[in-house]
Number of protein chains: 2
Amino acid sequence: MTQPNCSHICSSYHQAIEFIGKRWVGMIIYTLLAGPKRYYEIHAAIPGISDRLLTERLNELVDAGLINKKFIDSSIKKVEYELTPNGLAFQEVIQSIQKWIDLCDFEQITKK
Amino acid sequence: MTQPNCSHICSSYHQAIEFIGKRWVGMIIYTLLAGPKRYYEIHAAIPGISDRLLTERLNELVDAGLINKKFIDSSIKKVEYELTPNGLAFQEVIQSIQKWIDLCDFEQITKK
DNA sequence: ACATCAACTTACAATTAGTAAGTTTTAAGG
DNA sequence: CCTTAAAACTTACTAATTGTAAGTTGATGT
C-alpha cells in the first residue's frame, strides 16, 4: 500500500487529512449534515468555537467547495450555510471515524 | 443523526477528530500501516516533518495507545514503532478518506 | 580513538488559534 | 420614527502550537 517514498496518493491524502484536520472543520461539517443552518445556529451547536474561527473556517470550506453560502432574501445579514455534494459525501468519513471510536474506546484514550 | 445540542457521540467524535487531525498524526499512522518502522524511516517517509514534532506526535500516539514503541536489543538508540490493534483499525478511516478524495477530486479543491 | 549516525532536546522565531470588544445591516417594539 | 437588539462579521491583541536550527547522548563502524 505505501511505497517508501510516497507519491500521488500519499500527497493528496496528506493534503486532505491536513485540511479536514484543521481545528473545527470536522465539527462544522458534522453539524451541517443535519441540514442547512444559519451562522448563529452553527455557532450554538459547536460549544467553544469563536466568531473569528467560525467565520474563517466557513470561508475556507466555501473556497474548498464543501459548503455553499446562501444569502436569504438577498440580505447580507441573513445567511445560510449548506453542504455541497462533496461536503455531504464526507458523511461516510465521519461514519468510519465513529466506528473506529466505538471499536477502540476513544474516551478512555483521551482520558489519561 | 445530529441533535441541535450535541451530546455523547458528538463530543467523543469531536475529541477524536481533533486528535487525529493534529498535524502529522494522519501521515504517521499512514506510514506505519506498511509495517513497523524505525524513527529515521518514519522521518524519511514524511517530507517536511521536523525532529521535534515527530518525537512529540509519536509520544502522543504511544500515550493514546495507537502505537507501540520497542527498544531493539534493549538499546536506547535503536527504536522501532508499530501500530497497536487500535492504530491498525484506523486503516479503514484512511480508506474512507481516500475514497472521498477520489470522489470529490481533492487536488482541484486545494489548488485555488 | 574518531567520526558518524539514530534518536532525541532545547532555544527561539513564525504561524495559528483564542479572547474580547467593536461594526454594520436588518428587524422589532414602543 | 426612534431606540434597542440581534446576526454576521472585523479588528486588535494575547496565548498556544508549529517550524527551524543547533546541540546532546549513546551506539556503531573503521
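Cut-offs and rules
Residues numbered from 1 in each chain as written. Chains lettered and ligands numbered in written order. Predicted model: local features only at pLDDT ≥ 70, side-chain atom pairs only at ≥ 80, totals over all residues. Helix = DSSP H or I, 4+ residues; strand = E, 2+ residues; numbered from the N terminus. Contact = placed C-beta atoms within 7 Å. Core = buried A, V, L, I, M, F, W, Y, C linked by C-beta atoms within 7 Å. Buried ≥ 20, exposed ≤ 12 C-beta atoms within 10 Å, placed from the backbone. Near = placed C-beta within 6 Å. Nonpolar A, V, L, I, M, F, W, Y, C, P; charged D, E, K, R; others polar. Axes fitted to C-alpha atoms, helices over the stretch in contact; angles between N-to-C directions. Parallel < 35°, antiparallel > 145°, perpendicular 65-115°, else oblique. Pairing = 2+ DSSP bridges. Expected span 1.5 Å × (residues − 1). Arc of directions from axis to C-beta.

Asks: How do you make sense of the overall build of chain A when you look at a structure like this?
Replies: In terms of helices and strands, chain A carries 7 helices and 3 strands. If you list the helices and strands of chain A from N to C, you get α-α-β-α-α-β-β-α-α-α. Contacts in chain A between residues far apart in sequence, at least 24 positions, make up 46% of those at least 6 positions apart.

Asks: Quick question: what am I supposed to make of the nonpolar core here?
Replies: Taken as a class, soluble globular proteins show a tendency for nonpolar side chains to be buried jointly. Judged by nonpolar contacts, the single largest core of 46 residues is most densely connected at Ile28 and Ile29 of chain A together with Ile28 and Ile29 of chain B. Leave out the neighbours within four places in its chain, and Ile29 of chain A touches Leu66, Leu83, Gly87 and Phe90 of chain A.

Asks: Any chance you could explain the protein's contact with DNA strand D here in plain terms?
Replies: Lining the immediate environment of DNA strand D, one finds 19 residues, of which Tyr39, Tyr40 and Asp51 of chain A together with Ser50 and Arg52 of chain B sit closest. Its residues assigned to classes, the surface near DNA strand D comprises 5 nonpolar, 3 polar and 11 charged.

Asks: For this particular structure, what's the right way to read the packing of helix 6 (residues 91-104) of chain A against helix 6 (residues 91-104) of chain B?
Replies: The description of two helices packed together rests on the angle between their axes and the distance between the axes. As a packed pair, helix 6 of chain A and helix 6 of chain B sit with axes 9 Å apart at the nearest point and diverge in direction by 180°. The angle between helix 6 of chain A and helix 6 of chain B places the two elements in the roughly antiparallel class. Only Glu92, Val93, Ser96, Ile97 and Trp100 of chain B of helix 6 of chain B make contact with helix 6 of chain A, whose side of the interface consists of Glu92, Val93, Ser96, Ile97 and Trp100 of chain A. Split into classes, the residues belonging to the contact of helix 6 of chain A with helix 6 of chain B amount to 6 nonpolar, 2 polar and 2 charged.

Asks: I tried to follow the sheet that holds strand 2 (residues 67-71) of chain A on my own but got confused; where do I start?
Replies: The strands making up a sheet are joined through hydrogen bonds of the backbone, oriented either antiparallel or parallel. All names here are of chain A. Sheet architecture is open: 3 strands sit in the order 1-3-2, paired in antiparallel fashion. Edge strands, defined here as strands with exactly one partner in the open sheet, are strand 1 (37-38) and strand 2. Summarising the sheet, strand 2 and strand 3 (residues 79-83) pair through 5 bridges and their orientation is antiparallel. From the neighbouring strand, Asn68 faces strand 3, where its bridge partner is Glu82.

Asks: I keep staring at helix 4 (residues 51-63) of chain B and nothing clicks. Help me out?
Replies: Residue pairs three or four apart in sequence face the same way in an α-helix, which turns once every 3.6 residues. All names here are of chain B. For helix 4, spanning 13 residues, the distance from its first C-alpha to its last is 18 Å, which sits close to the expected 18 Å at 1.5 Å a residue. All buried positions along helix 4 are accounted for by Arg57, Leu58 and Leu61. Across the axial projection of helix 4, the buried residues extend over an arc of 105°, all falling on one side. In helix 4, those exposed residues whose orientation departs by more than 90 degrees from the buried face are Asp51, Arg52, Thr55, Asn59 and Asp63. Packed against the buried residues of helix 4 are helix 2 (25-32), strand 2 (67-71) and strand 3 (79-83). Phi turns positive, to about 80°, at Gly65, one or two residues after helix 4.

Asks: Would you mind going over the protein's contact with DNA strand C with me for this structure?
Replies: DNA strand C sits among 19 residues. The nearest are Ser50 and Arg52 of chain A together with Tyr39, Tyr40 and Asp51 of chain B. At the level of elements, helix 4 (51-63) of chain A together with helix 3 (39-45) and helix 4 of chain B are the ones that each hand at least two residues to the surface near DNA strand C. Considering only residue class, the surface near DNA strand C consists of 5 nonpolar, 3 polar and 11 charged.

Asks: Whenever I open this one, the sheet that holds strand 2 of chain B confuses me. Can you help?
Replies: All names here are of chain B. On the basis of which strands lie adjacent, the open sheet formed by 3 strands has the order 1-3-2 and antiparallel pairing. Of all the strands in the sheet, the pair left with one neighbour each is strand 1 (37-38) and strand 2. Packing of helix 2 onto the sheet brings it into contact with strand 1, strand 2 and strand 3, and relative to strand 3 it is tilted by some 95°.

Asks: I'm lost on the pairing of strand 3 of chain A in this one. Help?
Replies: On any regular strand, side chains alternate: one points to one face of the sheet, the next to the other face. Sheet analysis places strand 1 of chain A next to strand 3 of chain A, joined by 2 bridges and oriented antiparallel. Each bridged residue has a counterpart across the sheet, and for Arg38 of chain A the counterpart in strand 3 of chain A is Glu80 of chain A.

Asks: Whenever I open this one, helix 6 of chain A confuses me. Can you help?
Replies: Residue and element names in this part refer to chain A. Across its 14 residues, helix 6 extends 20 Å between first and last C-alpha, which sits within 8% of the 20 Å expected from 1.5 Å per residue. The complete set of buried residues in helix 6 reads Val93, Ser96, Ile97, Ile101 and Cys104. Looking straight down helix 6, one finds that the buried residues subtend no more than 145° of arc, so they occupy a single side. Directly after helix 6, the chain includes Asp105, whose backbone phi takes a positive value near 55°.

Remember that the coordinates give geometry; whether it matters functionally is a separate question.
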